[in-house]
Each structure stands twice: as C-alpha cells, then as structure tokens.
Amino acid sequence: MTSILLFGPPGVGKGTHAKRLGETLGVPVISTGQIFRSNIEGETELGKLAVSYIDRGELVPDTVTVPMVQARLSAPDVDNGFILDGFPRTIEQAHMLRDILAEDESVNIDVVLELDASEDILMQRLAKRMREEQRSDDHEDIFRHRIDVYRQRTEPVATYYADQDMLDVVDASGDIELTAERLISALKARGLAS
Ligand code: AMP
C-alpha cells in the first residue's frame, strides 16, 4: 500500500502525473480541484459553495474543503493507498490531515512529492491548457493570482514535510515522460515502487 501527496504550483502537471501514478500503483486519485469541478458541473450545494472562490483563484474555505477530504478518505477504496492531489494547501490543512489520519491507523502518508518548474514554464503550460480545456479559473490574471496564493500559503507546507524527511522535490520542467520517470525513481529510492 502506497499513499502519496502530490504537490506543486498551478499548471505544473499535478493532475496528469497523479492520474499516471494512480494507474501505475493501482491506487485511487483524490484530487480536490477535480472534486470541486465535478460538483460545480453537477450544480450541487458543495459546488455552489466553492465556485466563487475557485473562479477568483482563492482557496475554498476549510469548513468546506476539510469535511469533503475527510469523507473521501473514509471510503473503503483508500485502504490500499491513494494519491492525494491538491491537499493540503496550507499548514492548517496539513495539521488537519495529520489529525484525520491519526484517527485511522491503517492510513499513513508514505511520501510527499513536489513537482517543481519555473514560472515561465508554468505560464507556457497555462497557454497550452487554455487552448485545450475551458477551465473557468484559467485566465492569465487569475492564474498569476493562484501562483501567488501557492507561494504564500502552500509553499510553507513543503518545509513542514521536509522537516519530517517526507519530501522529495522532482524536477518537472521537462516533458511528461521524463517527469514520470523522475517520479518513479523518487519512489524507488524510498522502496515504494519496483
Ligand atoms: P487545482 O485543480 O488543484 O488547481 O484546484 C483548483 C482550485 O480548487 C484552487 O485554485 C482552489 O480554489 C480550489 N482548491 C483545490 N484544492 C483546495 C484545497 N486543498 N483548499 C482550498 N481550495 C482548494
């Protein structure tokens, strides 16, 4: 069983690599951004609560996000591991995740993988995604704000896990295949993949 937190700035390729790692390791992917987008599309109460924050590039409040993650982590399919993409995004959320996991001894985080790329590369990938997908928060000014929110609120989470020797930073500036290989190498180095 392998449980991974995947972490990195907007546009770095978290969603793509979460999906690939989930398939390689045979574990479900829990993507908070994706859960929000499905709820917005389905016009659920959760979607209605989240949409204005997401469209402004702000974080959805913890009162909405944390119970959603807690409910998802209590589903039986995560007992054999999972990839968590997009959570925690703040130190407070990291503490809440620690508390959620402490309630269930069978679930532990094995490693935190941070995907890293320069802001120039993130902007290039945004331009590509804007041509291919229609995400309501993928406008240049909102995207830049999401990067700022990431630097201010989410980057300190990396230090939190580095202090516990749980963090591996993976260079994600190359193409998808190269980054996928680097991620698998990082997992192998920790004995989490063969
Ligand atoms: P993502 O798909 O990971 O880029 O997330 C898209 C948007 O969903 C973010 O810009 C936030 O508005 C919201 N979101 C996703 N995960 C979280 C989280 N852990 N806490 C608060 N908001 C989140």
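Residues numbered from 1 in each chain as written. Predicted model: local features only at pLDDT ≥ 70, side-chain atom pairs only at ≥ 80, totals over all residues. Heavy atoms only, no water.

Colleague: Sorry, what's going on with the site of the ligand here?
Modeller: Close to the ligand lie 16 residues; T32, E58, G86, R89 and Q93 are nearest. A distance of 2.6 Å is found between an oxygen atom of the ligand and a backbone nitrogen or oxygen belonging to E58. Between an oxygen atom of the ligand and a side-chain N or O atom of R135, the distance comes to 3.3 Å. Contact with the protein chains removes 96% of the 480 Å² of surface that the ligand exposes when unbound. In terms of residue count, the dominant contributor to the shell around the ligand is helix 2 (residues 32-41) (four residues). Counted by class, the shell around the ligand contains five nonpolar, five polar and six charged residues. (Near = heavy atom within 4 Å. Polar contact = N/O pair within 3.5 Å; in protein donor to acceptor, adjacent residues only side chain to side chain. Areas by Shrake-Rupley, 256 points an atom, 1.4 Å probe, with all protein chains shown as cover. Helix = DSSP H or I, 4+ residues; strand = E, 2+ residues; numbered from the N terminus. Nonpolar A, V, L, I, M, F, W, Y, C, P; charged D, E, K, R; others polar.)

Colleague: Teacher, can you tell me more about the packing of aromatic side chains here?
Modeller: Think of a pair of aromatic rings as described by two things: how far the centres are apart, and how the planes are tilted against each other in angle. Tallied over the full model, the rule gives two aromatic pairs. Taken together, a centroid distance of 6.1 Å and an interplanar angle of 55° make the contact between F7 and Y150 tilted. Placement of the pair is F7 in strand 1 (residues 2-7) and Y150 in helix 7 (residues 140-162), with a sequence separation of 143 residues. F7 sits in the buried class, given a relative accessible area of 5%. We classify Y150 as buried; its relative accessible area is 5%. Ring geometry for Y160 versus Y161: centroids 5.0 Å apart, planes at 75°, classification edge-to-face. Accessibility classification places Y160 together with Y161 in one group, the buried group. (Phe/Tyr/Trp six-rings, centres within 6.5 Å; stacked < 30°, edge-to-face > 60°. Buried < 20%, exposed > 50% of the residue type's maximum accessible area, 1.4 Å probe, protein only.)

Colleague: Looking at this structure, how should I read unusual backbone geometry?
Modeller: Note: most peptide bonds trans; most residues except glycine with negative phi. Cis rather than trans, the peptide bond between F87 and P88 has omega equal to 0°. You can see P88 is positioned in the loop between strand 3 (81-85) and helix 5 (91-102). Positive phi values are uncommon outside glycine, yet D165 reaches one of about 55°. For D165, the location among the structural elements is in the loop between helix 7 and strand 5 (167-171). Residue D165 is classed as exposed on the basis of its relative accessible area of 57%.

Colleague: Even after reading the chapter, I still don't get the packing of helix 2 against helix 4 (residues 62-73), so can you show me in this structure?
Modeller: One can describe the packing of helix 2 onto helix 4 by two numbers: an axis separation of 11 Å at closest approach and a directional angle of 105°. Comparing the axis directions of helix 2 and helix 4 gives the class roughly perpendicular. Touching T32, I35 and F36 of helix 2 are V64, T65, M68, V69 and R72, all from helix 4. For the contact of helix 2 with helix 4, a count of residues per class yields five nonpolar, two polar and one charged. (Axes fitted to C-alpha atoms, helices over the stretch in contact; angles between N-to-C directions. Parallel < 35°, antiparallel > 145°, perpendicular 65-115°, else oblique. Contact = heavy atoms within 4.5 Å.)

Colleague: What is the right way to look at the pattern of salt bridges in this model?
Modeller: Two side chains bearing opposite charge may form a pair once their charged atoms approach each other closely. Inspection of every chain in the model, using the stated rule, returns 15 salt bridges. Through salt bridges with shared partners, a single network forms among R129, R135, D137, D138 and R146. (Salt bridge = Lys/Arg side-chain N within 4 Å of Asp/Glu carboxyl O.)

Colleague: What should I look at first to understand helix 6 (residues 119-132) in this one?
Modeller: The α-helix winds at 3.6 residues per turn, so residues separated by three or four positions along the chain end up facing the same way. The terminal C-alpha atoms of helix 6, which comprises 14 residues, lie 20 Å apart, in line with the 20 Å expected from a rise of 1.5 Å per residue. Considered for burial, the residues of helix 6 that qualify are I121, L122, M123, L126 and R129. At its buried positions, helix 6 is contacted by helix 7. (Expected span 1.5 Å × (residues − 1).)

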